[in-house]
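Residues per chain, in single letters:
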Amino acid sequence: MNAAYRGERYLPYPAIEENLHALAQAFPHLVRVETIGQSREKRPLYLLCLAAPGKTAPAERPAFWLDAGIHAAEWAGVMAALFAAWRWAERAAQGEPWFGEHAIYLLPCLSPDGLQALWEGAPFLRSVLRPPEPGTPQIGFVPRDLDGDGRVRQMRFRHPAGPLVPDRELPFYMRPRRLDDDPQNAYFLCPEGEFVHWDGVRWTAASRQYGLDLNRNFPDSWRPLCMWGMDSGPYPLSEPESRCAIEAFAARPRIACALSLHTYTGCLLTAPARPDDPLSPTDLRLLEALAQEAVEGTGYRVIRKYPDFVYDPKHPIAGCFDDTLLYVFGVPAYVLELWDPCAYAGLDNPKPAEFFQRPDPERLQKLIAAFAVEPGNLPWRPFEHPQLGPVEIGGLDYYRTIRNPPERLLGAECERAFKVADTLRLALPKVNAQVQVFPLGGEIRRVRLVLENLGFLPTSGLGWAESLPRFPRGQAVLELKGEAELAGGTQSVALSPLDGWGSLKVGAAANPIYAELPQRGPRVGCEWLVRGQGEILVRWDLGRGGAGSLALSLSR
């Protein structure tokens, strides 16, 4: 596989690996692919670094983070990450200056075991193939491929106690039963499968075999959680995949903005994430202003995670990767929910989380009708079940209609997602440095370092980051060689973070009626007194604003 990925088709994990290595081979001076660990089933977890040669090493530059595939069924996010990697590499190869001053880290698939299992026909699973805890045997109905077509589809069987009836106009739609419906036309609907350790009487579902949700296994606000048969793991970072992701992120302290790709809502999620959100009003305004600009012209919308994207307002979603990046590391972090099947069906969806839990039957009918003609669907066909007798198997191709776009629409969805990611990476800090030398008489000179941030984001990422213990502090250091010696000041000087113009944009400095200069601003300077001749080296480090050095020769 040597061609650039353009979203032509969905790829299994071996092809994803091959595509990543093909990218590194095509752009060896720009792309480095490293293995940051292994999944539970020993598949490599890859992290791609993309950066063009420049004055500083990639590790010293402000960086953008992109990840995808934390949920096994969200294939479109993984494909969009590959799409973005190729597009960025091509732009860097064409000489776009940004790539010589910044870096991109891309983790294309956080749950390779789950993705590949679904590709090979496993029943739906949230993230990873973590086996059940000892002493928890499965008893009840278990999804399985019974007819041997390589997929676990839907299965229905007729019974007068069933809660659903077939829709007369739409064969794929099983509508909620009404009191005046004929009981002989009632059905139970479930995944294709069979009962294990069955008593021959009860029709109840067994516990999920692989119920762990990686995106509830991260440190921020982690708590024991069980929802829809899925849990958050026994403790934070209990899984090798989540642990590798956090360790890789923490080892790259210059990451100043992050985006996680998911499906399916067609929106960009931003803070606040909880009712007692610790971020300041300025941080929240900054995050939302950047989000609004990132979705402009894409058709995506901006939704606040709390209170607009929660399943239960009393219990905000906890243990998420993006929230950990935001609240534990202080890095601006977003979730892009690719693909909006409701919008494709001509439906608005103002409260996505509510729609997931309590879909309106009429809206659900229209949603299913929009995808009824897709080629991967299977009309209901009879099947002799070993335990239930006559049943029918069929239904929509869920993974290529609702959860992800049909393959013919994948390229366009990758393009939309790329525009969001491409806008966000342009918001990184951009620090210019200048060293000035002023003669003071004799062999004494004043050496001044001036740093200014021309980027949207502050060099701290967010103001909240400055209160965190692991926040990367700034400093400037003067190194002397030859006869030059320090005549005043200290060689190492602490530097405060620099505001970005985005910080000023959402603050008082941008109010045209009550305009004023900011309290801190985008510029900082420090000085040393130096005596004698020789070489001087001024090194500076502004954390997420990057690091650099400037050398000068002092002579008579």
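Treat the numbers as computed from the prediction; the structure is a model and nothing was measured.

A. Region of interest: the nonpolar core. Within the largest apolar cluster, 124 residues are counted, with the highest numbers of intra-cluster contacts made by Phe 64, Trp 65, Trp 88 and Leu 259. For this core, the leading source of residues is helix α2 (residues 75-93), giving 14 residues. Excluding residues within four positions of it along the chain, Phe 64 makes contact with Trp 88, Ala 103, Ile 104, Tyr 105, Cys 257, Ala 258, Leu 259, Ala 421, Leu 424, Arg 425 and Leu 428. In terms of nonpolar packing, the next biggest core, distinct from the first, is built from 19 residues, Val 431, Ala 484, Val 524 and Cys 526 among them.

B. Representation of the pairing of strand β3 (residues 63-68). Of all six residues making up β3, six are buried, and the element is well covered by its neighbours. Of the two faces of β3, the one carrying Ala 63, Trp 65 and Asp 67 and the one carrying Phe 64, Leu 66 and Ala 68 are both buried. The pairing of β3 with strand β4 (residues 103-107) spans five bridges and is parallel. Across the sheet, the residue bridging to Leu 66 is Leu 106, located in β4.

C. Spotlight on the side chain of Asp 181. Checked against the element boundaries, Asp 181 lands in the loop between β8 (174-176) and β9 (187-191). A relative accessible area of 14% places Asp 181 in the buried class. Non-local contacts of Asp 181, meaning those with residues more than four positions away in its chain, are made with Val 165, Arg 175 and Pro 176.

D. Spotlight on the packing of helix α1 (residues 13-26) against α2. As a packed pair, α1 and α2 sit with axes 11 Å apart at the nearest point and diverge in direction by 10°. By the criterion of interaxial angle, the relationship of α1 to α2 is roughly parallel. Residues Ile 16, Asn 19, Leu 20, Ala 22, Leu 23 and Ala 26 of α1 form the contact with α2, whose own contacting residues are Val 78, Met 79, Leu 82, Ala 85, Trp 86 and Ala 89. Looking at the contact of α1 with α2 residue by residue, the classes come out as eleven nonpolar, one polar and no charged.

E. Structural detail: unusual backbone geometry. Here the residue pair Thr 263 and Tyr 264 is connected by a cis peptide bond, since its omega of 10° sits within 30 degrees of zero. You can see Tyr 264 is positioned in the loop between β13 (255-263) and β14 (267-270). Look at the link from Ala 271 to Pro 272: it is a cis peptide, with omega at 10°. Structurally, Pro 272 is set in the loop between β14 and α6 (281-295). Even without being glycine, Lys 42 reaches a positive phi, approximately 70°. Mapping Lys 42 onto the fold places it in the loop between β1 (31-38) and β2 (44-50). A positive phi angle is found at Trp 339, which is not glycine, with a value near 65°.

F. Quick peek at the packing of aromatic side chains. Counted by the stated rule, this structure contains 23 aromatic pairs. For the pair Phe 83 and Phe 418, a centre-to-centre distance of 6.1 Å together with 65° between the ring planes defines the contact as edge-to-face. Taken together, the residues Phe 83 in helix α2 and Phe 418 in helix α12 (residues 407-425) connect sequence positions 335 residues apart. On the basis of relative accessible area, Phe 83 is assigned to the buried category, the value being 4%. By relative accessible area, which is 3% here, Phe 418 ends up buried. Grouped by ring-pair contacts, the aromatic residues Tyr 10, Trp 75, Trp 119, Phe 124, Tyr 398 and Tyr 399 constitute a single cluster. Just above the ring of Tyr 187 sits the side chain of Arg 156; from NZ or CZ to the centre is 4.9 Å.

G. Main features of the pattern of salt bridges. On inspection of all chains with the given rule, the structure shows 41 salt bridges. For Arg 381, the salt bridge is made with Asp 147, and the minimal N-O distance between the two is 2.8 Å. Separated by 234 residues along the polypeptide, Arg 381 in strand β17 (residues 378-385) and Asp 147 in the loop between β5 (140-143) and β6 (154-158) bring together distant segments of the chain. Here Arg 202 and Asp 199 are joined by a salt bridge, their closest N and O atoms 3.0 Å apart. The class for Asp 199 is partly exposed, based on a relative accessible area of 44%. Several salt bridges converge on common partners, so that one network encompasses Arg 91, Glu 96, Asp 422 and Arg 425.

H. Main features of the sheet that holds strand β19 (residues 431-441). Taken in spatial order, the four strands line up as β19-β20-β24-β22 in an open sheet, and their pairing is antiparallel. Edge positions in the sheet fall to β19 and β22 (485-488), since each has one partner strand and no second. Neighbouring strand axes in the sheet, compared pairwise and without regard to direction, differ in orientation by 35° on average. Alignment of β22 against strand β24 (residues 523-531), held across three bridges, turns out to be antiparallel.

I. Just helix α5 (residues 240-250), in detail. Among the eleven residues in α5, eight count as buried, and that is most of the element. Residues Pro 240, Glu 241, Ser 242, Cys 244, Ala 245, Ile 246, Ala 248 and Phe 249 constitute the buried set of α5.

J. Here's a closer look at the environment of Val 420. On the secondary structure map, Val 420 appears in helix α12. When its relative accessible area of 0% is taken as the criterion, Val 420 is described as buried. C-alpha separation for the pair Val 420 and Leu 336, spaced 84 residues apart in sequence, amounts to 8.3 Å.

K. Examining the sheet that holds β13 more closely. With mixed pairing, eight strands are arranged side by side in an open sheet as β1-β2-β4-β3-β13-β16-β14-β15. Edge positions in the sheet fall to β1 and β15 (301-304), since each has one partner strand and no second. With strand direction ignored, the average angle separating the axes of adjacent strands in the sheet is 25°. Bridging between β2 and β4 involves three bridges; their strand directions are antiparallel.

L. Quick look at α1. Between the first and last C-alpha of α1 there are 20 Å, a value that for 14 residues agrees with the 20 Å anticipated at 1.5 Å per step. The complete set of buried residues in α1 reads Tyr 13, Ala 15, Ile 16, Glu 17, Asn 19, Leu 20, Ala 22, Leu 23 and Ala 24.

M. Here's a closer look at the pairing of strand β18 (residues 389-395). Most of β18 is tucked away: six of the seven residues are buried. As paired elements, β6 and β18 share three bridges and run antiparallel to each other. Among the inter-strand pairings, Met 155 is bridged to a residue of β18, identified as Ile 393. Taken together, the six bridges between β17 and β18 define a ladder with antiparallel strand orientation. Bridging from a neighbouring strand, Phe 383 pairs with Val 391 of β18.

Analysis parameters
Residues numbered from 1 in each chain as written. Predicted model: local features only at pLDDT ≥ 70, side-chain atom pairs only at ≥ 80, totals over all residues. Heavy atoms only, no water. Core = buried A, V, L, I, M, F, W, Y, C linked by side-chain atoms within 4.5 Å. Buried < 20%, exposed > 50% of the residue type's maximum accessible area, 1.4 Å probe, protein only. Helix = DSSP H or I, 4+ residues; strand = E, 2+ residues; numbered from the N terminus. Contact = heavy atoms within 4.5 Å. Pairing = 2+ DSSP bridges. Axes fitted to C-alpha atoms, helices over the stretch in contact; angles between N-to-C directions. Parallel < 35°, antiparallel > 145°, perpendicular 65-115°, else oblique. Nonpolar A, V, L, I, M, F, W, Y, C, P; charged D, E, K, R; others polar. Phe/Tyr/Trp six-rings, centres within 6.5 Å; stacked < 30°, edge-to-face > 60°. Lys NZ or Arg CZ within 6 Å of the ring centre and 35° of its normal. Salt bridge = Lys/Arg side-chain N within 4 Å of Asp/Glu carboxyl O. Expected span 1.5 Å × (residues − 1).

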